[in-house]
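# Notes for the structure review
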Amino acid sequence: MTVIGRIHSWDLSTGVDGPGTRFVLFVSGCPLRCLYCANPDTWHMRDGKEATVDEVMAEIEKYRAFITAAGGGVTVTGGEPLLQPAFTGEILRRCKEAGLHTALDSSGFLGARASDELLADTDLVLLDIKSFDVPTYRRLTGGDLRPTLNFATRLGRLGIPMWIRYVLVPGWTDNPDAVEGLAHFVAGLDSVDRVDVLPFHRLGAAKYEALGLPFPLRDTPGPAQDSVQQVRERFRVHGVVAY
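These lines cover the structure that appears in this document, whether it is placed above or below.

## Focus: the overall build of the protein chain
Counting its secondary structure elements, the protein chain contains nine helices and eight strands. Here the protein chain has a C-alpha radius of gyration of 17 Å; the compact-globule value for 243 residues is 18 Å, and the two agree. Seen through its principal axes, the protein chain has C-alpha atoms that stretch 50 × 45 × 30 Å. For the protein chain, the accessible area works out to roughly 11,000 Å², and carbon and sulfur atoms hold 52% of it.

Now the structure itself:
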């Protein structure tokens, strides 16, 4: 059966979307509307282009020797890949069969849509936890925090390696109590390899302008380097590797 999905684009990256050099596939569609989202052009599935799994795999094959030589693999991101679980799952399965390292970049909001079979074909999950404070998470994303925490707990139980991603946004995600709560939660998961504390930036502002959309955090500055280091240290105090 031919599995068809909707994709935005693909790119090659090193060190930021999983280990080594990665073929990064951006799928279209996302249920959240994060105020700091850098890719508003991936929000709607209708804006993506149709592609079959065979077409995606043919593109990946062109770079197979390059990415494997660089210790990399394939990362499926978005948007939100679990909005298209059949398409995403088939890509992960085909990559796994081809001997490629696989990574899934997800908010976890739709984690319940990830079947055990899909996760069995996933070598690494890049899990974006937007905030550990429930009201802040709702205001920041428009969604509910609980599905992400449930997904993280499930991944830990299954022993699937995770890189937790936490974007530090001044006035939004820098509350010390919330950071402490997240650090405690993450330390209790059995398969977290690292936490990446990512400073908020406004590099996606031009995309909002091109789409005729207001950028909600246009006037929010990036965090001070000292603040970033303090948050990383909170994770390290709990025994979690943090960058």
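After presenting the structure, the write-up continues.
## Side note on the packing of aromatic side chains
In this structure the tally under the stated criterion is seven aromatic pairs. Aromatic side chains tryptophan 10 and phenylalanine 23 sit 5.2 Å apart centroid to centroid with 15° between the ring planes, which places their arrangement in the stacked category. One end of the pair, tryptophan 10, is in strand E1 (residues 4–14); the other, phenylalanine 23, is in strand E2 (residues 21–27), with 13 residues separating them in the sequence. Residue class for tryptophan 10 comes out partly exposed when judged on its relative accessible area of 33%. Between the aromatic rings of tryptophan 10 and tyrosine 63, the centroid separation amounts to 5.2 Å while the plane-to-plane angle is 55°, which identifies the pairing as tilted. Taken together, the residues tryptophan 10 in strand E1 and tyrosine 63 in the loop between helix H1 (53–62) and helix H2 (64–69) connect sequence positions 53 residues apart. One aromatic cluster in this structure is built from Trp10, Phe23 and Tyr63. Directly above the ring of tryptophan 163 sits arginine 194, whose terminal nitrogen or CZ lies 4.1 Å from the centroid.

## Some words on the sheet that holds strand E4 (residues 73–77)
Each strand in a sheet pairs with another by means of backbone hydrogen bonds, the pair being arranged parallel or else antiparallel. The strand order E3-E1-E2-E4-E5-E6-E7-E8 describes an open sheet built from eight strands, whose pairing is mixed. The two strands at the open ends of the sheet, each matched to only one other strand, are strand E3 (49–52) and strand E8 (192–199). Sheet twist, expressed as the mean angle between neighbouring strand axes with direction ignored, is 30°. Bridge analysis of E1 against E3 gives four bridges, and the strand direction is antiparallel. When the bridges of E3 are listed, isoleucine 4 appears paired with threonine 52. Most of the contacts of helix H3 (residues 85–97) go to strand E5 (residues 101–106), to which it runs at about 160°, and overall it touches E1, E2, E3, E4 and E5.

## Observations concerning the layout of surface pockets
A volume near 950 Å³ is recorded for the largest pocket. Every residue lining the largest pocket is counted, 38 residues in all, and those nearest its centre are Ala38, Asn39, Asp105, Asp128 and Arg165. Looking at side-chain class alone, the lining of the largest pocket contains 18 nonpolar, 10 polar and 10 charged residues.

## Description of the state of the cysteines
Simply put, disulfide is the name for a covalent bond between the sulfur atoms of two cysteines. In this structure the tally under the stated criterion is zero disulfides. With no disulfide partner, cysteine 30 has as its closest neighbouring cysteine sulfur the one in cysteine 34, 6.3 Å distant. By relative accessible area, which is 16% here, cysteine 30 ends up buried. With relative accessibility at 10%, the residue cysteine 34 sits in the buried group.

## Some words on unusual backbone geometry
Here the residue pair glycine 78 and glycine 79 is connected by a cis peptide bond, since its omega of 10° sits within 30 degrees of zero. Counting through the fold element by element, glycine 79 comes out in the loop between E4 and H3.

## Description of the nonpolar core
Note on soluble globular proteins: their nonpolar side chains tend to be buried together. Phe87, Met162, Val186, Val195 and Phe235 are the most contacted members of the largest nonpolar core, which totals 66 residues. Discounting residues that sit within four places of it in the chain, valine 195 has contacts with Ile164, Val186, Phe235, Val240, Val241, Ala242 and Tyr243.

## Points about the pairing of strand E6 (residues 124–128)
Buried residues dominate E6, accounting for five of its five residues. A two-sided burial pattern is seen for E6, the buried positions comprising Leu124, Leu126 and Asp128 on one face and Val125 and Leu127 on the other. When E5 meets E6, the two strands line up parallel, connected through four bridges. Looking across to E6, one finds that leucine 104 is bridged to valine 125.

## A short note on the pattern of salt bridges
The full count for this structure, using the stated rule, is 14 salt bridges. Among the salt bridges present, the one from lysine 96 reaches aspartate 123, with a minimum N-O distance of 2.3 Å. Placement of the pair is lysine 96 in helix H3 and aspartate 123 in the loop between helix H4 (116–120) and E6, with a sequence separation of 27 residues. Residues joined by salt bridges that share partners form a network here, namely Asp17, Asp105 and Arg165.

Definitions and limits used
The residue count restarts for each chain, going from 1 along the sequence in the order it is written. The model is predicted, so local features are restricted to residues of pLDDT at least 70 and side-chain atom pairs to those at 80 or more, both for listing and for counting; the totals for chains, interfaces and linings are taken over all residues. No hydrogens and no water enter the side-chain calculation; it runs on all heavy atoms of the structure. Secondary structure counts use DSSP, requiring at least four H or I residues in a row for a helix and at least two E residues in a row for a strand, with both numbered from the N terminus. For the radius of gyration, the atom set is restricted to C-alpha positions; the globular benchmark scales as 2.2 Å times the number of residues to the power 0.38. For the area figures, the Shrake-Rupley method with a 1.4 Å probe applies, and any residue is considered shielded solely by the protein chains shown. For Phe, Tyr and Trp, rings pair up if their centres lie within 6.5 Å, where Trp contributes its six-membered ring, and each pair is then called stacked (planes under 30 degrees apart), edge-to-face (over 60) or tilted (otherwise). Only protein chains enter the area calculation, which uses a 1.4 Å probe; residues under 20% of their type maximum are buried, those over 50% are exposed, and those in between are partly exposed. Lysine and arginine charges are scored as sitting over a ring when NZ or CZ, respectively, is within 6 Å of the ring centre and within 35 degrees of the ring normal. A pair of strands is considered paired only if DSSP assigns at least 2 bridges between the two. Axis definition: a line fitted to C-alpha atoms, over the contacting stretch in the case of helices. Angles run 0 to 180 degrees between N-to-C directions. In this analysis, two residues are considered to be in contact whenever any of their non-hydrogen atoms come within 4.5 Å of each other. Grid points spaced at 1 Å over the protein atoms alone were grouped into cavities, where a 1.4 Å probe fits but cannot get out, and pockets, open sets with protein on both sides within 12 Å along at least five of seven lines, with lining residues defined by an atom within 4 Å of a point. Grid points are joined across faces, edges and corners, and a volume is the space filled by probe spheres set on the points. Note on residue classes: Ala, Val, Leu, Ile, Met, Phe, Trp, Tyr, Cys and Pro are nonpolar, Asp, Glu, Lys and Arg are charged, and everything else, Gly too, is polar. Any cysteine sulfur atom paired with another within 2.5 Å is treated as part of a disulfide. By nonpolar core we mean a set of buried residues, namely Ala, Val, Leu, Ile, Met, Phe, Trp, Tyr and Cys, connected to one another through side-chain atoms within 4.5 Å. In the sections that follow, a salt bridge refers to a side-chain nitrogen of Lys or Arg positioned within 4 Å of a carboxyl oxygen of Asp or Glu.

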